[in-house]
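So the chains spell out like this:
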Amino acid sequence: MRKPAWWEQGIIYEIYARSFQDSNGDGIGDLKGITSRLEYLRWLGITALWITPIYPSPMKDFGYDVANYHDVDPVFGTLADFDNLIEQAQGRGLRVILDFVPNHTSDQHPWFRESRSSRSNPKRDWYIWRNAKPDGGPPNNWISNFGGSGWEWDKATGQYYYHAFLKEQPDLNWRNPEVRAAMHNVLRFWLDRGIDGFRVDVLWHLMKDPQFRDNPPNPAYDPTQPEIDKYLQIHSADHPDTHYVVQEIRGVLDTYKDRVLIGEIYLPIERLVAYYGREAGEAHLPFNFQLLQTPWNSRRVGAVIREYDGIIPEQHWPNWVLGNHDKPRIAARIGHPQARVAAMLLLTLRGTPTLYYGDEIGIAERAIAKEFVRDPWERNEPGLGLGRDPQRTPMQWDGSPNAGFTTGIPWLPLSPDCSTCNVERLSNDPDSILSLYRRLIFWRQGSAALMEGKYRQIEFSGGGDLLCYERRAGSDRAIVLLNFGAAHDAAEAPEFAGLKIAVATHAGREGEIVDAKVKLQPNEGLILAPV
Ligand code: NOJ
């Protein structure tokens, strides 16, 4: 058996850079702020941090509109701050993963300024330019992910350019070898600085249909959905040629030792796993967002785990994501009691867990009043609940003003629960969600069964909304019993008898030896292990 890579044994923690810790009072999180909180991350037990984009940017999409791939935006600090962060993190045994945004740049990037300057500019073909239709309309029906046409008319040169996101985020033309070479240099620039890998933004978008055919209408569309869902994205994304450019990216990483490639990919499971690659490697971890999208009940979640676990090719390693900066927070979606069950689920499944900053303290969401809305998606398509500000509110550290996030005015308002729901308070409460996360993390990291064991769903009698599974590595095993329901419940199976409750979501049960019939309180989760 091959030795597992660090990303197969680790726990990834996403830091939304603007919202973790401000060090200079401008109300926006920064690199020095992150560095000052590394001890907390070590204490929590996570092993790798992924930092959202910190490159110079006009911040139209808060850093996902990059104007220079080789520097740090002054709002976040300097390259020296970045180097220091890497050194300090790695010195504590923490890996650092950087966000890489290859699909599009900012419209302020010098490459795009050149490209739009004239049709004959050498960088014209670095972006996607097309003529208007005879009626003057856009070249096809592709919609921007943030609403409206994906095509923007450029009056000066008389052509449209394509942008899968904002018009200030023009898509690069990855079919152009110069673009690929330039982006490979970007990868090397950061790998040479010692980072441990990349999370690649919208990896499945890189290559588009070379004929730019219309996307077909989505028969299931209804107007409460975002406009992008009007059409099935079969020509604008996930083009088979994408695999080729991902292999090239992976090739660059493979010239370094031990660097991870993680892909942000929203696709059905069978198309998602294609991004592991076949003979040639692609992403080590194509992010698995099933837990963010599946209705929260034991039947649906159980089915999705079975499907995903069953499809991962032998030589590849699974992963699970519970939250990110684009999706509603878990505590807001399923409620606080279930957020504890979700934590136990995430940290006992087979595959690298990724957790989102603040979920470990159960930050819920605050409604963002109109005057505080910052997210361009909410501004473009208001009223559909698409805004992502609620899940990006600042981290809650202590009971001081602004929960210790900033001495200035925070760029987004804090969640109203911040005076009680904060790291300082919850770390002193053994029954808090934070203490539970920590116990789960330490239990996982010390258990061969949970780290690398096989997954098997267990049949049991009784139970309304329960999920039960075993993880086993050789003779080491753990059984996980989760009550997704808000009612008292019980499950019975001979294999439970004589096991000990190792970790419990509720106070007072750890250490208990159970019978074949195990009673569960509402929203309770248990890890059972041999005595
Ligand atoms: C995915 C990122 O996670 C999201 O925040 C961003 O708006 C889009 N990609 C565009 O880069």
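Thresholds, definitions, all that
- Residues numbered from 1 in each chain as written.
- Predicted model: local features only at pLDDT ≥ 70, side-chain atom pairs only at ≥ 80, totals over all residues.
- Heavy atoms only, no water.
- Near = heavy atom within 4 Å.
- Polar contact = N/O pair within 3.5 Å; in protein donor to acceptor, adjacent residues only side chain to side chain.
- Areas by Shrake-Rupley, 256 points an atom, 1.4 Å probe, with all protein chains shown as cover.
- Nonpolar A, V, L, I, M, F, W, Y, C, P; charged D, E, K, R; others polar.
- Buried < 20%, exposed > 50% of the residue type's maximum accessible area, 1.4 Å probe, protein only.
- Helix = DSSP H or I, 4+ residues; strand = E, 2+ residues; numbered from the N terminus.
- Pairing = 2+ DSSP bridges.
- Core = buried A, V, L, I, M, F, W, Y, C linked by side-chain atoms within 4.5 Å.
- Contact = heavy atoms within 4.5 Å.
- Axes fitted to C-alpha atoms, helices over the stretch in contact; angles between N-to-C directions.
- Phe/Tyr/Trp six-rings, centres within 6.5 Å; stacked < 30°, edge-to-face > 60°.
- Salt bridge = Lys/Arg side-chain N within 4 Å of Asp/Glu carboxyl O.
- Domains from an automatic or database assignment.
- Buried area = accessible area lost by both parts, 1.4 Å probe.

Attention shifts here to the site of the ligand. Taken together, 13 residues lie around the ligand, and D61, H104, D201, H325 and D326 are the ones closest in. In this structure, an oxygen atom belonging to the ligand sits 2.9 Å away from a side-chain N or O atom of H104. Contacts to the ligand include R199, whose side-chain N or O atom sits 3.1 Å from an oxygen atom. In isolation the ligand has 300 Å² of accessible area, and contact with the protein removes 97% of it. Of the residues in the shell around the ligand, the class split is four nonpolar, two polar and seven charged.

Another aspect to go through is the pairing of strand 1 (residues 12-15). Neither face of strand 1 is left uncovered, since the one carrying I12 and E14 and the one carrying Y13 and I15 both have all their residues buried. By the bridge criterion, three bridges tie strand 1 to strand 11 (residues 352-356) in an arrangement that is parallel. Across the sheet, residue Y13 finds its bridge partner in strand 11, namely L355. In this structure, strand 1 lies alongside strand 2 (residues 48-51), joined through four bridges in parallel fashion. When the sheet's bridge partners are listed, I15 is paired in strand 2 with I51.

An order of 4-6-5 is seen for the three strands of this open sheet, with the pairing classed as antiparallel. In the strand order of this sheet, the two ends are held by strand 4 (129-130) and strand 5 (151-154), each with one partner. Where strand 4 meets strand 6 (residues 159-162), two bridges bridge the pair, whose relative direction is antiparallel. Residue pairing across strands places W129 opposite Y161, the latter belonging to strand 6.

If you look at soluble globular proteins, the nonpolar side chains tend to sit buried side by side. In this structure, Y13, L41, I54, W190, F198, L345 and M395 are the most contacted members of the largest nonpolar core, which totals 153 residues. Every residue in contact with L41, bar those within four places of it in the chain, is listed here: Y13, I15, F20, I46, L49 and L94. Ranked by size, the runner-up nonpolar core spans 16 residues in total, among them I458, C468, L481 and L520.

It is worth spelling out the sheet that holds strand 12 (residues 454-457) at this point. An order of 12-13-14-18-16 is seen for the five strands of this open sheet, with the pairing classed as antiparallel. Two strands close off the open sheet at either side, each with one partner strand: strand 12 and strand 16 (500-504). Taken over all neighbouring pairs, the strand axes of this sheet differ in orientation by 25° on average, direction set aside. Two strands pair when backbone bridges link them, and strand 14 (residues 476-483) and strand 18 (residues 525-529) are joined in this way by four bridges, in the antiparallel orientation.

A separate point is the packing of aromatic side chains. The final tally for this structure, using the stated rule, is 35 aromatic pairs. Here F146 and W377 contribute two aromatic rings whose centre-to-centre distance is 5.6 Å and whose plane-to-plane angle is 55°, an arrangement assigned as tilted. Here F146, found in the loop between strand 4 and strand 5, pairs with W377, found in helix 13 (residues 376-380); they are 231 residues apart in sequence, far enough to count as distant. An identical accessibility class is assigned to F146 and W377; each is buried. Arranged with centres 5.0 Å apart and planes meeting at 80°, the rings of F189 and W190 form a pair that is edge-to-face. With relative accessibility at 22%, the residue F189 sits in the partly exposed group. The buried category is assigned to W190, whose relative accessible area is 0%.

What the rule picks out here adds up to 29 salt bridges. Between D238 and R271 there is a salt bridge, with its nearest N and O atoms 2.9 Å apart. Here D238 is found in the loop between strand 7 (197-200) and helix 7 (242-254), whereas its partner R271 is found in helix 8 (residues 269-272), with 33 residues between them in sequence. Judged by its relative accessible area of 16%, D238 falls in the buried class. Since its relative accessible area comes to 33%, R271 is described here as partly exposed. Residue R388 pairs with D326 through a salt bridge whose shortest N-O separation is 3.0 Å. Remark: D326 occurs in the loop between strand 10 (319-321) and helix 11 (330-334) and R388 occurs in the loop between helix 13 and helix 14 (423-427); sequence separation between them is 62 residues.

Let us look at the domain arrangement of the chain. According to the domain assignment, the chain consists of domain 1 (6-103 + 177-209 + 244-440), domain 2 (110-162) and domain 3 (454-529). Of note, the centres of domain 1 and domain 2, computed from C-alpha atoms alone, are 31 Å apart. Interface area for domain 1 against domain 2, summed over the two sides, is near 1,000 Å², with a carbon-plus-sulfur share of 70%. Counting the contacts that link domain 1 with domain 2 gives zero salt bridges. Applying the counting rule to domain 1 against domain 2 returns three residue pairs in polar contact (both at pLDDT 80 or more).

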